Amino acid sequence: MAMTHGPSRRRRGALVAALATAVVLLWPATAWADGVTFTPTEAQQGNAVKLEFVVPDERPGVRTEKIEITIPEDPPIAEVYPLSVEGWAPTITTRKLDRPVSGMHGPATDVVTASLIWSRAKGQAGEGPARLVFSMAPLPQTERLTFELVQTYADGLQVRWGAGPGQRPLPALTLVPGDPAYPGAHGGHGAPPAARRPSRRRPPPPPPAAARTRTACSPPGWSPASAAARWWVG
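Summary of the structure given here. Keep in mind that what you see is a predicted model, and the values were worked out from it rather than measured. Along each chain, the written sequence defines residue order, and numbers are assigned to residues from 1. Reporting of local features is limited, given that this is a predicted model, to residues whose pLDDT is at least 70; pairs of side-chain atoms are given and counted only at 80 or more, and all residues count toward the totals for whole chains, interfaces and linings. Heavy atoms throughout the structure, all of them, feed into the side-chain values; hydrogens and water do not.

**Re the sheet that holds strand β8 (residues 130-137)**
Which entries qualify depends on this criterion: Strands are labelled as partners when DSSP assigns at least two bridges between them. Note on conventions: DSSP H or I runs of at least 4 residues are helices, E runs of at least 2 residues are strands, and numbering of each starts at the N terminus. Axis angles are defined between N-to-C directions and span 0 to 180 degrees, where every axis is a line fitted to C-alpha atoms and, for a helix, only to the segment in contact.
If you trace the four strands from one edge of the open sheet to the other, you get β1-β3-β8-β5, paired in antiparallel fashion. Two strands bound the open sheet, and with one partner strand each, they are β1 (37-39) and β5 (79-82). Strand-to-strand, the axes of this sheet are offset by a mean angle of 25°, without reference to chain direction. As paired elements, β1 and strand β3 (residues 49-55) share three bridges and run antiparallel to each other.

**Focus: the side chain of Q151**
To keep things clear, this is the line we draw: Buried means the residue's accessible area, taken with a 1.4 Å probe over protein chains only, is under 20% of the maximum for its type, while exposed means over 50%, and partly exposed covers the values in between. Two N or O atoms form a polar contact when they lie within 3.5 Å of each other; inside protein one atom must be a possible hydrogen donor and the other a possible acceptor, and for residues adjacent in sequence the pair counts only when both atoms belong to side chains. Note on definitions: a residue-residue contact is assigned when non-hydrogen atoms from the two residues lie within 4.5 Å.
Along the chain, Q151 turns up in strand β10 (residues 148-153). For Q151, a relative accessible area of 0% puts it in the buried group. Side-chain polar atoms of Q151 contact the backbone oxygen of P56, separated by 2.9 Å. Within the local environment of Q151, its side chain forms a polar contact with the side chain of Y153, the two groups lying 3.3 Å apart. Residues contacting Q151, with those up to four places away along its chain left out, are V55, P56, D57, T64, K66, L157, Q158, V159 and W161.

**Topic: the nonpolar core**
One broad trend across soluble globular proteins is that nonpolar side chains are buried collectively. Heads up, the condition is: Think of a nonpolar core as a cluster: buried Ala, Val, Leu, Ile, Met, Phe, Trp, Tyr and Cys residues, connected wherever their side-chain atoms sit within 4.5 Å.
The biggest cluster of nonpolar side chains holds 32 residues, and the ones touching the most others in it are L51, F53, F134, M136, F147 and L149. Of all the elements in the fold, those that place two or more residues in this core are β3, β4 (64-70), β7 (109-120), β8, β10, β11 (158-162) and β13 (173-176). Look past the residues within four positions of F147 in its chain and what remains in contact with it is L51, F53, I69, T70, I71, P72, F134, M136, W161, G162, L170 and L173.

Pasting the structure below:
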């Protein structure tokens, strides 16, 4: 008795085709699962911060050639500078403000950074993620800062990261209140400057007995109190 496997083979073929289609459709979601990240994720209002963005190449065989990070516009940040990164050449685009904003290391300015653009240096191999570093100061009195990032691959494909419609998710930088007693402290510690900390030194001992009497060789204005003061300062 002859047996036919036609329907069974057709079902198996349909199942294989469906699985292959599912793999193709799910590849982008799997490839972009980690996405763009940065550290630290939290900083202190009024202080400076150094951010490192990690942007992976998520398309096998096609490397990233350019990355642009747009700096939040409102409120504006006076000082935004890219730091040296091996294999990438940074450029800065600027914008003009209606009113100047105060800086942390210099006078107020009405020209601030609009975006930072890194282009891959010629002759550099495309291995591993791009690690782009820049500093900002002083951080505004707001709860968070939201960035936008455009990643351009060698074949012209652009991937947009941010919080807007059609963008792949990019977390915001959380800002926490600084120490109101010492605004603008560096490093996010809010510690008072060393000169303002109370001294724990013991009071100076009294001057030697031989020095308690002014002699003819003593300079004008000399007194035991001034001698002790000079010793303590020294």
